[in-house]
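# Observations on chain architecture
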Amino acid sequence: MEQLNRDSFRLVGIQEVSDLPSMERPPWYKGKPLPAAGFLLLLILGCLFCEGFIPKDPSYMDLTHFSLPPGKTFWFGTDTMGRDIFSMVWYGGRISLLMGVLAAAISALIAVLYGAVSGMSVWWMDSLLMRLSEILLSIPGFLFIIFIQAALGKATIVSIAAAIGSTGWMTMANVVRTEVRQLKSSEYLLAAQAMGGGFFYLLGKHLLPNLVPSLLFMVIMNLRNAIMAEATLSFMGLGLPLEVITWGSMLSLSGKALLSGGWWMILIPGAFLVSTLFALTSLGNYLRKSMNRKESNL
């Protein structure tokens with residue numbers, strides 16, 4: 001009877017994956033965005049080291065071979081000015097990714113500082129800063145980018161990244177403020193304040209390590225939005241000069257490409273852009289689900 005009772009019942013509840021029998025353990029790759037991560041890794045490496053394998057100068061205008069379809073000599077064809085699209089895709093991807101990273105870093109920096117100041121402030125200052133962020137959030141983002149870029153003057157990589165980055169921090173700042181409000185009453189933070197720790201010491205030593213998991217998803221989404229915003233600006237003729245090659249500047253020639261029947265001038269850079277945005281979205285969604293799963297377990 002004792003043996004029967006022992007075998008008839010077993011403890012149920014949350015179990016670690018390592019405690020499960022080998023037949024019940026899910027494969028390590030299940031649910032992970034491995035194709036998206038692999039594509040992004042190859043894309044980043046290709047853009048960083050493109051000088052080693054691109055066949056031609058991406059800015060060289062070979063007017064004797066303009067608007068050529070993909071072939072043996074020009075793998076992705078040429079544009080209306082005779083530039084090699086294969087070389088332009090990799091070189092332009094470097095500029096587009098650089099601008100996206102700069103814009104995402106600027107957004108994250110402003111959001112962390114603004115949200116931390118708001119969360120650590122007294123109630124009336126906190127309320128004032130949050131109302132200000134809500135007012136800025138109500139302004140259409142693309143219109144805000146155009147206004148800031150017009151104020152900065154000539155379009156450069158840094159100026160466009162600053163314009164995009166300074167318009168995408170409001171939602172992230174609200175998340176930072178909420179997290180800081182929850183952490184400000186913790187014992188270790190109160191002890192650090194009592195020992196004379198200043199704002200930047202508390203932010204770097206205690207607050208920022210706790211904010212990273214919540215911000216990682218939003219930083220990746222801001223990177224995706226920044227790349228898309230740069231492409232949209234260039235497509236509308238408001239981005240970088242034409243001689244600066246980006247995926248957006250390549251798509252800005254779509255009008256001429258359609259008139260000349262050059263489908264490859266639109267399809268190939270557009271495919272790289274859409275694939276990058278889709279991979280970043282998949283990676284961001286995985287991080288969001290992982291964060292929500294950990295919070296639900298807690």
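In this text the structure is predicted, and so the values were computed from the model without any measurement. (Residues numbered from 1 in each chain as written. Predicted model: local features only at pLDDT ≥ 70, side-chain atom pairs only at ≥ 80, totals over all residues. Heavy atoms only, no water.)

Among the structural elements, Ser159 can be located in helix 6 (residues 157-165). In this structure the side chain of Ser159 is engaged in a polar contact, spanning 2.7 Å, whose partner is the backbone nitrogen of Thr156. (Helix = DSSP H or I, 4+ residues; strand = E, 2+ residues; numbered from the N terminus. Polar contact = N/O pair within 3.5 Å; in protein donor to acceptor, adjacent residues only side chain to side chain.)

If you check the backbone angles, Ser67 has positive phi at about 55° while not being a glycine. Along the chain, Ser67 falls in the loop between helix 2 (34-48) and helix 3 (85-120).

Under the counting rule described, the total for this entry stands at 10 aromatic pairs. Ring geometry for Trp75 versus Phe86: centroids 4.9 Å apart, planes at 75°, classification edge-to-face. Here Phe86 lies in helix 3 and Trp75 lies in the loop between helix 2 and helix 3, a separation of 11 residues in the sequence. According to the relative accessible area criterion, Trp75 is partly exposed, its value standing at 45%. For the ring pair Trp247 and Phe272, a centre distance of 6.3 Å and an interplane angle of 45° mean the geometry is tilted. Linking Trp247 in helix 10 (residues 247-251) with Phe272 in helix 12 (residues 264-297), this pair joins segments that are 25 residues apart in sequence. For the pair Trp247 and Phe272, one class covers both residues: buried. (Phe/Tyr/Trp six-rings, centres within 6.5 Å; stacked < 30°, edge-to-face > 60°. Buried < 20%, exposed > 50% of the residue type's maximum accessible area, 1.4 Å probe, protein only.)

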